[in-house]
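# Survey of secondary and tertiary structure
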Amino acid sequence: MKKRLKNYVGGEWRNSGSEDVREVKNPAKDEVIAEVPLSSSEEVDECVEAAKEAFESWSNIPVTERIEPLFELVHGLKDQKERIARGLTEEHGKVYGSALGELERTIQMVEGACATLESNKGDFTENVSANIDEYTVRRPLGVFATIAPFNFPAMVPWWYAPWAVAVGDTFILKANEQCPITQQRIFELIDEKIDLPDGVINLINGGKEVGERLIIHPDIEGITFVGSTPVGKEIYSQAADRGKRVQCQTGANNFLVVMPDVDLDSVMSNIMNSCFGNAGQRCLAGSIVLGVGEIYPELEETFIDHAREIEVDQGMEEGADMGPVVSKEALERLESDIEQGLQEGGELLMDGREIEVEGYDQGYFLGPTVFKAKKGMKIFDEEIFGPIVCLDSVETLDEAVEMINEDKYGNAASIYTEKGGAAREFRNGVKIGNVGVNLGVVAPMSYYPFGGMKDSFFGDLHGQGKDIVNFFADRQVVIRRWMKK
Ligand code: NAD
């Protein structure tokens, strides 16, 4: 029998009464592995009510007691990471090594939030005037919700949840409906092993309607969203219009710039990981590789040679470098993008549609696909979100920087060079939130903000680090005077 997933509300597992369900499939096999309920508005309201009720006492308990469960969670996740990672590979398709890596990043997020005692301290100034002191008190705000994407089903919700609860807010996660099993497992761990009062952290399953209800709910203080740009833009304006705190981390189209001085053999495995890791379904994935000057012909040749070496297979198989894409719809969309790329004049240097994966002929596999393409083509200008990469040449670094800045997205860009001056010029010139030097996946550690500019981010305070602490806590300013005796 298919496992039907549950909501975790007010410290207990609840069956959704919704008739509306969605099948969760293993993308390597096209096999149904679970059913996720698309919860009703009433169920969302019950979830908000539980979180609201918990806020009253949670926001008032000693700060050290609020951190204690996070330490327990770090240990619990370490103990169970292999089990959770196997489930992640099964529902998402990413290779097991990447799933484990994602779990390790998730743990680092929770560890990072354990430092909230330090980052959430107030300020104090004595004698701002005679006998008058001024200080800030940092205060939790209430109930926050996160709306999550499919591509990092374990990690992304934990860019937010641990800081929200450490600050004293209560939290609701709307898991992603395509890959909801991973968070179900993490919440099982929370339920069984972590000493958190009921309602402090809640999980609700569902699709866009659940997200929409959370955004308009009057008792939700703020929303964090990670997902595509059109949805994020809409959510940003809807939430802001209601006076809520909101931050939306959205789509990307990332450039990797290869300078003429580079030894290609020493950087190519890093470039491959950026372009084809997670089957290109990463907001930090390299999508466009620009060769500057005379390096281009060698870059094209070496790139194709290495791309041919990538082992495409079911994520648990030994030696697999890249698994399937997440769904049949995603595969069809990518195939149609390839067609359009050809119609628009792109030169297909490597066609991933030819891939066959033995034993998994129903899987949603697309092999590494490489175009020689130009600005003005959809595959070059839009977020493709799959294992499709465009190569192009430019004459100078300035030209590369200009091209990057003309792109509507601003999530990540990297330069490969041994020349410090070129790297500095690049960093200074690009309007990009996460910049890499000789690194193609610029994933900030938990104690730094996750960058993002232009159409890749809507908001002001970012996820992770001090920014997220400021997002979840308000500052009350007190100016006080005591009369002299
Ligand atoms: P998506 O926008 O389709 O969905 C994201 C979430 O939003 C889902 O939980 C979905 O149910 C919900 N949703 C959809 N429409 C909604 C609406 N109208 N109101 C409220 N909620 C709604 O994104 P996806 O396909 O799951 O994820 C891939 C996208 O996420 C890519 O664009 C990728 O670049 C982006 N992403 C960005 C970052 C970043 O840090 N910038 C990180 C990871 C993923």
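Everything below is about the structure shown above.
This one's a predicted model, so the numbers in the text were calculated from it and none came from an experiment.

Spatially, the 7 strands line up as an open sheet ordered β15-β16-β17-β14-β13-β19-β20, and their pairing is mixed. Among the strands making up the open sheet, the edge pair consists of β15 (347-350) and β20 (434-437). If you compare each strand with its neighbour and ignore which way they point, the axes differ by 25° on average. Examined bridge by bridge, strand β14 (residues 286-292) and strand β17 (residues 388-394) share 5 bridges and lie parallel to one another. Following the sheet pairing, valine 289 is matched in β17 by leucine 391. Its contacts with the sheet place helix α11 (residues 328-343) against β15, β16 (369-372) and β17, and it is angled at close to 20° to β16. Helix-sheet contacts for helix α13 (residues 397-406) involve β13 (254-258), β14, β17 and β19 (412-416), and the interaxial angle to β13 is about 175°.

The interhelical angle for the contact between α13 and helix α14 (residues 420-429), taken along N-to-C directions, is 25°, at an axis separation of 10 Å. In this view, α13 runs roughly parallel relative to α14, as classed from their interaxial angle. As α13 runs across α14, the sense of the crossing is right-handed. The residues of α14 that touch α13, namely those facing Leu397, Asp398, Val401, Ile404 and Asn405, are Ala422, Glu425, Phe426 and Gly429. Looking at side-chain class alone, the contact of α13 with α14 contains 5 nonpolar, 2 polar and 2 charged residues.

Moving on to the site of the ligand. Around the ligand, the structure places 28 residues, and the nearest of them are Ala148, Ser228, Gln249, Thr250 and Glu383. Note that an oxygen atom of the ligand is positioned 2.5 Å from one of the side-chain N or O atoms of glutamate 383. In isolation the ligand has 850 Å² of accessible area, and contact with the protein removes 89% of it. Per element, the largest residue contribution to the shell around the ligand is 4 residues, and it comes from helix α7 (residues 208-216). The two domains that each donate at least three residues to the shell around the ligand are domain 1 (7-250 + 456-479) and domain 2 (254-437).

Relative orientation of the contacting elements helix α1 (residues 41-58) and α7 amounts to 45°, with a least axis distance of 10 Å. If you check the angle between α1 and α7, you find them oblique. At the point where α1 passes α7, the crossing takes the right-handed sense. Contact residues: Ser41, Val44, Asp45 and Val48 in α1; Val210, Arg213 and Leu214 in α7. A class-by-class count of the residues in the contact of α1 with α7 yields 4 nonpolar, 1 polar and 2 charged.

What counts and what doesn't
- Residues numbered from 1 in each chain as written.
- Predicted model: local features only at pLDDT ≥ 70, side-chain atom pairs only at ≥ 80, totals over all residues.
- Heavy atoms only, no water.
- Pairing = 2+ DSSP bridges.
- Helix = DSSP H or I, 4+ residues; strand = E, 2+ residues; numbered from the N terminus.
- Axes fitted to C-alpha atoms, helices over the stretch in contact; angles between N-to-C directions.
- Contact = heavy atoms within 4.5 Å.
- Parallel < 35°, antiparallel > 145°, perpendicular 65-115°, else oblique.
- Left-handed = near helix turned anticlockwise from the far one by under 90°.
- Nonpolar A, V, L, I, M, F, W, Y, C, P; charged D, E, K, R; others polar.
- Near = heavy atom within 4 Å.
- Polar contact = N/O pair within 3.5 Å; in protein donor to acceptor, adjacent residues only side chain to side chain.
- Areas by Shrake-Rupley, 256 points an atom, 1.4 Å probe, with all protein chains shown as cover.
- Domains from an automatic or database assignment.

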